[in-house]
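The residues making up each chain are set out below.
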Amino acid sequence: MKKITIGARGSKLSLAYVEKVKRLILEKSKSLKEDDFVIKKIKTSGDIHSNTKLSEIGGKNLFCKEIEDKLIKKEIDVAVHSLKDMDSVETKGLVIQAYIKRNDPRESFVSKKFKKLSELNKAKIGSSSRRRELQLKLINKKIEVQNIRGNIDTRIKKIETGEYDGAILALAGLKTLNLEQHVKEIFPVKDFIPTAGQGIIAVQCRSEDENIKKILTKINHTETKICALAERSFLKTLGGDCDTAVGCSATLNKDNVEIKAQLFSDDGTKVFKIVKFGKTNEPELIGKLAGEEILKKSGNN
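Note that this is a predicted model, so its numbers are computed, not measured.

K.L.:
Lay out the sheet that holds strand S1 (residues 4–8) in plain terms, naming residues and giving numbers.
P.N.:
Across the sheet, which stays open at both edges, the five strands sit in the order S2-S1-S3-S10-S4 with mixed pairing between neighbours. Strands at the two margins of the open sheet, each flanked by one partner only, are strand S2 (37–41) and strand S4 (94–99). When strand polarity is set aside, the average angle formed by the axes of neighbouring strands in this sheet is 30 degrees. Relative to strand S3 (residues 78–82), S1 runs parallel, the two sharing two bridges. Pairing of Gly7 across the sheet is with Ala79, part of S3.

K.L.:
Which residues make up helix H8 (residues 222–238), and what values do they have?
P.N.:
The end-to-end C-alpha distance of H8, which contains 17 residues, comes to 25 Å, matching closely the 24 Å that a straight helix rising 1.5 Å per residue would cover. For H8, the buried fraction is high: twelve of the 17 residues fall into the buried class. Within the sequence span of H8, burial applies to Thr224, Ile226, Cys227, Ala228, Leu229, Ala230, Glu231, Arg232, Ser233, Phe234, Leu235 and Leu238. Against S4, strand S11 (246–253), strand S12 (256–264) and helix H9 (283–298) lie the buried residues of H8. Where H8 ends, the next residue or the one after it, Gly239, has phi of about 60 degrees, a positive value.

Rules used throughout
- Residues numbered from 1 in each chain as written.
- Predicted model: local features only at pLDDT ≥ 70, side-chain atom pairs only at ≥ 80, totals over all residues.
- Heavy atoms only, no water.
- Pairing = 2+ DSSP bridges.
- Helix = DSSP H or I, 4+ residues; strand = E, 2+ residues; numbered from the N terminus.
- Axes fitted to C-alpha atoms, helices over the stretch in contact; angles between N-to-C directions.
- Expected span 1.5 Å × (residues − 1).
- Buried < 20%, exposed > 50% of the residue type's maximum accessible area, 1.4 Å probe, protein only.
- Contact = heavy atoms within 4.5 Å.

Put into structure tokens, the structure is as follows:
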């Protein structure tokens, strides 16, 4: 059998996600062995331009495009992404065949010298996201938010050396890399709604590759997929770009999906929130309805 080539970014976090995916495949497909896999590290535009604001160099999908190109060209068979980095519109010829069980979707405050975000006064906090910046201001108006880029290690180093007083980082990545000791505060989802797809690993392949699709279907986590589809449908309905400040989180309760979403006006002065419920067998519909409702509220329809 031909080896299965898995492509991903070369960051520690991405490679940890690849290992997780590979381990799950080996558990579920007993005929496959460790040496049936080849890991290919791919440099993306997001990695190359690591000091520039994402919105200035093309926004979303900058950590996925080159990986998807290699998948289309058959240079790799499987692509591993953080779902939050992916465009809400699926790339033609490709399919997300597996959503890995969601890690903790919450946001966290990482700092060397401070314990609580609400106590800060004129402190410099790193964030590369417009959403996080505006959410921070709702908690504490005295914070100065400055752009911070680079992988998790780089960001933590910038805090340790005093370049920043702290930063907001996704808890999922810190947990995966065992860096939770740097976390000073964790925010409940209701107060600090994360970006759509946060904490979810997406495993993508070519839509025509039936063999790989069969292998990946075995590692798909159904509940996570339902939430992911609802969140992505919500984003797609909004049709925003990388600078649109929007949070969206779906959770399951028996047969229902609950979507909590938050959208800021372009100038950041107004915030619109909704909570919407729907059936688990129609996640994309509930995402669409939630998106339409929040657009109506914000007057952007």
